Amino acid sequence: MRGTRPPVALTIAGVDSGGGAGVSADLATFAAHGVWGTVAVVAVTAQNTLGVQATETLSPALVRAQIASVASDIGVDAAKTGMLATPELVTAVAAAVRELSLSPLVVDPVLTSGHGDALLSADALAVLRDELLPLATVVTPNLDEAAALAGVGPITNRAGMEEAALTVAARGPQVVLVTGGHLKEPAGSPDLLVDDGKPTWLEAPRIDTRHAHGSGCVLSAAICAELARGMDPADACVAGKRFVERAIAAGIPLGAGVGPVDPGWERASG
Ligand code: PXL
């Protein structure tokens, strides 16, 4: 028996049957950081490397019950949200976060899968923006998610990223990390970190791969794991970006479509 309680993280997210994104990506990422992973499942997707074939959601009451079960007994050092599916589920999760004082909280504002399948209904976006963002320690939108949350048109350059990030930051989260992986910059994949209103660019080389499924989940889970271990939010974003770069570089060729990133499975399997 180990003598000390490990850090504990909670993921509130969807299941990807293909194992690449959502809950399984989060748990593998927590484990790779030496952080115990706990789960509140929000939705189940029938999914593979070609896309999402079917989705069902769990009831808001069962999602709240899962969160309360973990928080009341095991304790939560940091939590993250992923696929939240409907306005009712976003409201339920925000209420649980408030009532149980879950903090620090990473919000990955998942809108669609990499294949463009909707993972959050259109009417849930405003609820996420108004109820969940103010509770977030860190929010990790990609370009589309940042534009949607800021209420601006498509983001095509660094100036657009900065404008959207500052607008999202004004909604209450302490730190905004806009990921620039989809930016049309030939050489780089810059992310923009806004910490207490101050922007910093995190530069990185572009990794040429098609197996990048789950990269957003791994990034937000890595940040959550570092927060559970006590790191401060801006440093956790820098560490999370480095972690997901390695996971993308180690992408796994599975299936006929877009394979998953590797959050540490290969290292664990030798
Ligand atoms: O990467 C976003 C995401 C989150 N959660 C689930 C997903 C995906 C992308 O496909 O399937 C369950």
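What counts and what doesn't
Along each chain, residue indices are assigned from 1 in the same order as the chain's sequence is written. The predicted nature of this model means local features are confined to residues of pLDDT at least 70 and side-chain atom pairs, given and counted, to a pLDDT of 80 or more, with totals for whole chains, interfaces and linings taken over all residues. Side-chain numbers come from the whole structure's heavy atoms, not from hydrogens or water. For helices the rule is a DSSP run of H or I covering at least 4 residues; for strands it is a run of E covering at least 2, with both sets numbered from the N terminus onward. Only C-alpha atoms enter the radius of gyration, while the globule expectation follows 2.2 Å times N to the 0.38, with N the number of residues. Only protein chains enter the area calculation, which uses a 1.4 Å probe; residues under 20% of their type maximum are buried, those over 50% are exposed, and those in between are partly exposed. In this description, accessible areas are obtained by the Shrake-Rupley approach with a 1.4 Å probe, and a residue is regarded as covered only by the protein chains that are shown. Only four residue types enter the charge count: Lys and Arg as positive, Asp and Glu as negative, with His and the chain ends excluded. By convention, the charge on Lys lies at NZ, on Arg at CZ, on Asp at CG and on Glu at CD. One speaks of a salt bridge when a side-chain nitrogen belonging to Lys or Arg is within 4 Å of a carboxyl oxygen belonging to Asp or Glu. At least two DSSP bridges between two strands are needed for those strands to be called paired. With a 1 Å grid laid over protein atoms only, a set of points is called a cavity when a 1.4 Å probe fits there but cannot get out and a pocket when it is open yet has protein on both sides within 12 Å along at least five of seven lines; lining residues have an atom within 4 Å of a point. Grid points are joined across faces, edges and corners, and a volume is the space filled by probe spheres set on the points. Note on residue classes: Ala, Val, Leu, Ile, Met, Phe, Trp, Tyr, Cys and Pro are nonpolar, Asp, Glu, Lys and Arg are charged, and everything else, Gly too, is polar.

A. Up close: the overall build of the protein. Scanning the protein from N- to C-terminus turns up 9 helices and 9 strands. A globule of 270 residues ought to have a C-alpha radius of gyration of about 18 Å, and the protein, at 17 Å, matches this closely. Expressed as a percentage of the 270 residues in the protein, the buried residues total 51%. Summed over all atoms, the accessible surface of the protein reaches about 11400 Å², with 56% contributed by carbon and sulfur. Side-chain charges in the protein split into 17 positive and 28 negative, and the spacing between the mean points of these groups amounts to 4 Å.

B. Highlighting the side chain of Thr29. Summarising the element assignment, Thr29 is placed in helix α1 (residues 22-32). Residue Thr29 is classed as buried on the basis of its relative accessible area of 0%.

C. Layout of the pattern of salt bridges. Under the definition given, this model contains 10 salt bridges. Arg171 is the salt-bridge partner of Asp130, the closest N and O atoms lying 3.7 Å from each other. One end of the pair, Asp130, is in helix α4 (residues 125-132); the other, Arg171, is in the loop between α6 (158-169) and β7 (175-178), with 41 residues separating them in the sequence. Note that Lys241 is salt-bridged to Glu245, the shortest N-O span being 3.9 Å. With a gap of 4 residues between them, Lys241 and Glu245 both fall in helix α8 (residues 233-249), about one helical turn apart. By the burial criterion, Lys241 is buried, and Glu245 matches it. Salt bridges linked by common partners bring Asp191, Lys241, Arg242 and Glu245 together as one network.

D. Local environment of the sheet that holds strand β4 (residues 78-81). With mixed pairing, the 9 strands of this open sheet are ordered in space as β3-β2-β1-β4-β5-β6-β7-β8-β9. Of all the strands in the sheet, the pair left with one neighbour each is β3 (51-57) and β9 (198-202). Taken together, the 5 bridges between strand β8 (residues 191-195) and β9 define a ladder with antiparallel strand orientation. Among the inter-strand pairings, Val194 is bridged to a residue of β9, identified as Pro199.

E. Up close: unusual backbone geometry. Following Ser103, the chain continues to Pro104 via a peptide bond in cis, the omega torsion being -5°. Turning to its location among the elements, Pro104 is positioned in the loop between α3 (87-99) and β5 (105-107). One non-glycine residue, Ala85, lies in the positive phi region at around 70°. Along the chain, Ala85 falls in the loop between β4 and α3. By relative accessible area, Ala85 is classed as buried at 8%. Backbone geometry at Asp196 places phi at a positive 50°, although glycine is not the residue there. Topologically, Asp196 is positioned in the loop between β8 and β9. A relative accessible area of 65% places Asp196 in the exposed class.

F. Examining the layout of surface pockets more closely. What the largest pocket holds in volume is close to 1200 Å³. For the lining of the largest pocket, the elements supplying multiple residues, two or more each, are β1 (8-16), α1, β2 (36-48), α5 (143-150), α7 (215-228) and α8. Partitioned by chemical class, the residues of the lining of the largest pocket number 16 nonpolar, 21 polar and 11 charged. Looking at the second largest pocket, its volume works out to about 160 Å³. What lines the second largest pocket is simply Gly18, Gly19, Gly20, Ser24, Ala25, Ala28, Ile252, Pro260, Val261, Asp262, Pro263 and Trp265. Considering every element that reaches the lining of the second largest pocket, the biggest residue donor is α1, with 3 residues. In the lining of the second largest pocket, the residues fall into 7 nonpolar, 4 polar and 1 charged.

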